[in-house]
Amino acid sequence: QLQLVESGGGLVQPGGSLRLSCAASGFTLDYAIGWFRQAPGKEREGVSCISNSDGAILYTNSVKGRFTVSRDNAKNTVYLQMNSLKPEDTAVYYCAADRDRVLFRRCVLQGYEYDYWGQGTQVTVSS
């Protein structure tokens, strides 16, 4: 079965850290990958993305300096390291792949460019 599986979410205190994983099963993760989040009552927001090659990376302004996206090809996994977490980071986090190769050597933070999505992992930042 082809799938993307997010993991690493949980409950942390403000200022804490989490590392999310986006692992591919059944295919090689040789695609642009986006990280998105959605909180109850809010629209989905693009958080970060990483291209299939050449190291193109983007972050939304609210997470710059706190989050880091990376790719480990040997493990077929993309990570999102989240530091200095804030309550407003609370959301379900999703990873998504540009399986149809619309993006090449670049990535974007708009969800419509991605066509294959994981099921999400809950991140809660609270005292």
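Residues numbered from 1 in each chain as written. Predicted model: local features only at pLDDT ≥ 70, side-chain atom pairs only at ≥ 80, totals over all residues. Heavy atoms only, no water.

A.B. asks: Got a minute to help me understand the environment of Leu-109 in this structure?
C.D. replies: As for its position among the elements, Leu-109 is in the loop between strand S9 (91–97) and strand S10 (116–117). Leu-109 sits 97 residues away from Val-12 along the chain, and the two C-alpha atoms are 25 Å apart. Excluding its chain neighbours within four sequence positions, the residues that come into contact with Leu-109 are Phe-36, Gly-46, Val-47, Ser-48, Cys-49, Leu-58, Tyr-59 and Thr-60. (Helix = DSSP H or I, 4+ residues; strand = E, 2+ residues; numbered from the N terminus. Contact = heavy atoms within 4.5 Å.)

A.B. asks: I tried to follow the nonpolar core on my own but got confused; where do I start?
C.D. replies: Soluble globular proteins: nonpolar side chains tend toward being buried together. In this structure, Leu-4, Trp-35, Phe-67, Val-78, Leu-80, Met-82 and Tyr-93 are the most contacted members of the largest nonpolar core, which totals 27 residues. Elements that contribute at least two residues to this core include exactly strand S3 (18–25), strand S4 (33–38), strand S5 (45–50), strand S7 (67–72), strand S8 (77–82), S9 and strand S11 (121–125). Sequence-distant contacts of Phe-67, defined by excluding residues within four places in its chain, comprise Arg-37, Val-47, Tyr-59, Leu-80, Gln-81, Met-82, Asn-83, Leu-85, Asp-89 and Tyr-93. Counting eight residues, the second-largest nonpolar core is a separate cluster that includes Ala-32, Phe-36, Leu-103 and Tyr-114. (Core = buried A, V, L, I, M, F, W, Y, C linked by side-chain atoms within 4.5 Å. Buried < 20%, exposed > 50% of the residue type's maximum accessible area, 1.4 Å probe, protein only.)

A.B. asks: Whenever I open this one, the packing of aromatic side chains confuses me. Can you help?
C.D. replies: What characterises a pair of aromatic rings is the spacing of the ring centres plus the angle enclosed by the ring planes. This model, assessed by the stated rule, comprises four aromatic pairs. Centroid distance Phe-36 to Tyr-114: 5.4 Å. Interplanar angle 70°. Geometry classified as edge-to-face. You can see Phe-36 sitting in strand S4 and its partner Tyr-114 sitting in the loop between S9 and S10, a full 78 residues away along the chain. Under the relative-accessibility criterion, Phe-36 is labelled buried at 1%. (Phe/Tyr/Trp six-rings, centres within 6.5 Å; stacked < 30°, edge-to-face > 60°.)

A.B. asks: Where do I start with the environment of Ile-57 in this structure?
C.D. replies: Turning to its location among the elements, Ile-57 is positioned in strand S6 (residues 57–59). Looking at Ile-57, the relative accessible area reads 36%, which means it is partly exposed. On a C-alpha basis, the gap between Ile-57 and Phe-27 in space is 22 Å, while along the polypeptide they are 30 residues apart. In this view, Ile-57 contacts Cys-49, Ile-50, Val-69 and Cys-107; residues no more than four positions away in its chain are not counted.

A.B. asks: Please explain the pairing of strand S1 (residues 3–7) as it appears in this structure.
C.D. replies: The two faces of the sheet receive side chains in turn, since in a regular strand these alternate between them. Side chains Leu-4 and Glu-6 of S1 all project onto a buried face; the interleaved residues Gln-3, Val-5 and Ser-7 project onto a face where none is buried. As paired elements, S1 and S3 share five bridges and run antiparallel to each other. Paired with Leu-4 across the bridge in S3 is Ala-24. (Pairing = 2+ DSSP bridges.)

A.B. asks: What should I look at first to understand the pairing of S4 in this one?
C.D. replies: Extensive coverage of S4 is indicated by the burial of five of its six residues. Sheet topology places S4 next to S5; five bridges connect them, and they run antiparallel. Residue Trp-35 lies in a different strand from S5, and its bridge partner there is Ser-48. Taking the residues that link successive antiparallel strands as the turn, the S4-S5 hairpin has six residues, and the phi of Gly-41 there is positive, at about 80°. Note that S4 and S9 share six bridges and pair antiparallel. Bridge pairing links Phe-36 to Tyr-94 in S9.

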